[in-house]
Each structure stands twice: as structure tokens, then as C-alpha cells.
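# Topology and contacts: notes
One letter stands for each residue in the lines below.
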Amino acid sequence: MNPDKPVSKMNQKRLVFSMLPLMVSALLIAIFVVFNLSVKTPLFYSSNLQNHPSPKQFSLLIGILTRADNYDRRHFLRLIYGIQSPPFAQIDIKFVFCNLTKQEQRVLVSLEILRFNDIIILNCFENMNNGKTYTYFSSLPQILSQSYDYVMKADDDVFLRLLPLALSLQPLPRSDLYYGFVIPCQSMNPFVSYMSGMGFVLSWDLVEWIASSDIPRNDTSGPEDKLVGRWLNAGQKARNRFSNKPAMYDYPGTNGRCSHELIPDTIAVHRLKRWDQWLAVIRYFNVTKELKASKLYHGLDF
């Protein structure tokens, strides 16, 4: 092109159209770079956290003792607890069982770990009253990558309401603590006997003591929740004991004086052995209340 020759309007248009693909490509590259920078530097989240700070005041590990073959129960509990998240507490939930014994378990549990990363496999043989609870608590200081303020042992037939649980723990001491539902059922004195296995909490220092002391190490056979109370008494531990009645209880009509009707201030409902019992609890506490109306699902209002 001769630089001294004026460019006609037609040639100008041809020049613009010829450069259009290059301009579009440059624009797309710019958008791509900006998008990646925004993903790698999440300004939205940092700004959001500054406007709505929610520092974690304490941490809690909930170990749900179950069996490897209870796949359906684990998947269900993931739904139940996955939609609960108190903003002021770090609550991690793990499913705990002993060594796998079948090839099917090794395959399916491996898939669960890859997908959810919420399983602890202890080095023990599956049992109820022969050391599983001891193995659970004593193993944690060695196998966890972090410590927690509190550690809970819970059954897989209990419904825990995480926000009321966290609120009840929030003002309590972070050391030498033993918390739960004291046995016998009619007792209100947490310094007598032991806490029910439906779900009890120990502070981290007591978990470390269980891992290092000869007292629990030499006393692992028998009703395991009862043994925990006996260990603590023998070691003169757990000066801070709290029994949270009536907020923790067995499902109505399942266990005599340990049972009562569902109440709004519930923290834990135990002995949910049947699906109709779970359904009654879910309905009573309106667990699905956050579900938004949508044309994508029909007939879910119950």
C-alpha cells in the first residue's frame, strides 16, 4: 500500500473487517486473563468476609462410630450434617470403623474416601465392647494432622443439631471437660457414673491423656461408654462435667425414662433405628426449611 495515497472509505472498511478477528481474539484473551486472576485472587470472598466476619471460636471433631458395611447410613448422615454449619465453630465429621475385612469394602470405602474424605479406619477388629472406643480416642493424637478443642464420640443412630450443640459448648471450658447425657436416665449429676454413648464430648487434653495413660490402656473390655467414665474417675480427670438434659434424649417411647417427646431445644435424639423415626424427627425440626421453590422439582411441599 502506498502511504502517500489516500485510503478510500471502502479500503478503510476492508481494513477494519480484516482486523476484526484479531481484535476479538485479543478481547477474549484479556477476558480469560482477568477471569483467571480473579479466581486465583478471590477478592469477592475476602471482601465478603470483611463485611461479615465469622471467626471460628472453637473446633469440634465428631467421630460417628459405625461399621464399614453401613453405606446407606453414612450417605444419609452426610445429607443430614452437610446442610448444618454453625458460623462460629469449626465442626468436622468423620465416620469411624475398624479394619476392613472384605474386598467389596476396600473398593467401596476407597471410593467414599476419594469423594468425601470423611472416614477413619482404625487398626482394630470390629467390636462393640472390646476396645473400639479406646482405640478411637487413643489414636487421634497420632493420626490427625491437627488438634481440636473438643472431640465427640457419637452413634450412627443419633440426630445431632449442630447449631444448638455448638451454642451449648461455646461458653464451656476448653480443657478437662466431659459433656453429654449422664447415666442413669433420671440423674442430673454429671459427676456420678458416666455419659451415654449416644454422644459425649471430651476436651483435647483428655483425648491426649487417654492416648498416653496406662489407666485406660489396661481397662478396655466391657461397656465402653461406662469405661470412659471409669477411666476419668480413676485418673481424677474431667473436673468440668456437664450433662445436657433434657436437650439430649432417646426417641419417644424407645427407652423408658431416657426418652421423652421431641422438644424445640433439642441437641440430640438417640435410638433412631427406623426410617419412620428419622422422618418424624426431620419433619419436627423442619430440616428442609431452606429448600427454595423451583420449577425443577414438583410436589416437595410436605
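## Examining the pairing of strand 1 (residues 58–65)
Most of strand 1 is tucked away: 8 of the 8 residues are buried. Alternating residues of strand 1 divide into Phe58, Leu60, Ile62 and Ile64 and Ser59, Leu61, Gly63 and Leu65, and every residue in both groups is buried. Here strand 1 runs beside strand 2 (residues 89–97); their pairing, made up of 8 bridges, is parallel. Each residue of the ladder has a partner; that of serine 59, found in strand 2, is glutamine 90. Relative to strand 4 (residues 150–155), strand 1 runs parallel, the two sharing 6 bridges. Residue pairing in the sheet places leucine 60 in a bridge with tyrosine 150 of strand 4.

## A word on the environment of arginine 239
Examined against the element boundaries, arginine 239 turns out to sit in the loop between helix 9 (224–234) and strand 10 (240–243). Overall, arginine 239 belongs to the exposed group, its relative accessible area being 64%. Residues arginine 239 and tyrosine 178, spaced 61 residues apart in sequence, show a C-alpha to C-alpha distance of 8.0 Å. In this view, arginine 239 contacts Asp176 and Phe191; residues no more than four positions away in its chain are not counted. Within the local environment of arginine 239, its side chain forms a polar contact with the side chain of aspartate 176, the two groups lying 2.7 Å apart.

## A look at the layout of surface pockets
Of the volumes computed, that of the largest pocket is approximately 770 Å³. Together, 33 residues line the largest pocket, and Met128, Lys153, Asp155, Gly197 and Asp225 are the ones closest to its centre. Those elements giving two or more residues to the lining of the largest pocket turn out to be helix 5 (132–143), strand 4 and helix 9. Per-element accounting of the lining of the largest pocket gives the leading share, 3 residues, to helix 9. Here the residues of the lining of the largest pocket are counted per class, giving 10 nonpolar, 9 polar and 14 charged. As a volume, the second largest pocket reaches approximately 450 Å³. Residue lining of the second largest pocket: 17 residues in total, with Ile83, Gln84, Asn286, Val287 and Lys289 positioned closest to the centre. Looking at the lining of the second largest pocket, the element that brings in the most residues is helix 6 (residues 162–169), giving 3 residues. Among the residues making up the lining of the second largest pocket, the classes are represented as 10 nonpolar, 4 polar and 3 charged.

## Regarding the state of the cysteines
In the structure shown here, the tally under the stated rule is 2 disulfides. At a sulfur-sulfur separation of 2.0 Å, the disulfide partner of cysteine 98 is cysteine 124. On the sign convention where negative is left-handed, the bridge of cysteine 98 and cysteine 124, at about -85° about the S-S bond, is left-handed. Of the two residues, cysteine 98 sits in the loop between strand 2 and helix 4 (103–116) while cysteine 124 sits in the loop between strand 3 (119–121) and helix 5, which places them 26 residues apart along the sequence. Overall, the relative accessible area of 10% leaves cysteine 124 in the buried class. Looking at the protein chain, its bonded cysteines, counted consecutively from the start of the sequence, adopt the pairing 1-2, 3-4.

So, how was this worked out
In this numbering scheme, every chain counts its residues from 1 along its sequence in written order. Per-residue local features of the predicted model are confined to residues with pLDDT of at least 70, and side-chain atom pairs are confined, for both listing and counting, to 80 or more; whole-chain, interface and lining totals are unaffected and use all residues. Excluding hydrogens and water, the side-chain values take into account all heavy atoms of the structure. In this scheme, a residue with accessible area under 20% of its type's maximum is buried, one over 50% is exposed, and one in between is partly exposed, where area comes from a 1.4 Å probe on protein chains only. Secondary structure elements follow DSSP: runs of H or I of four or more residues count as helices, runs of E of two or more count as strands, with numbering from the N terminus. Only strands that DSSP links by at least two bridges are regarded as paired with each other. Contacts are residue-level and defined by heavy atoms, with any inter-residue pair within 4.5 Å sufficient. Under this definition, polar contacts are N or O atom pairs within 3.5 Å; protein pairs additionally need one hydrogen-donor-capable and one acceptor-capable atom, and for neighbouring residues in sequence, both atoms have to be side-chain atoms. Buriedness for pockets is judged along seven lines, at least five of which must meet protein on both sides within 12 Å for an open set on the 1 Å grid over protein atoms alone, while cavities are sets there where a 1.4 Å probe fits but cannot get out, and lining residues have an atom within 4 Å of a point. Grid points are joined across faces, edges and corners, and a volume is the space filled by probe spheres set on the points. For this classification, Asp, Glu, Lys and Arg are treated as charged, while Ala, Val, Leu, Ile, Met, Phe, Trp, Tyr, Cys and Pro are nonpolar and the rest, including Gly, are polar. Disulfides are defined in this document as cysteine sulfur pairs within 2.5 Å.

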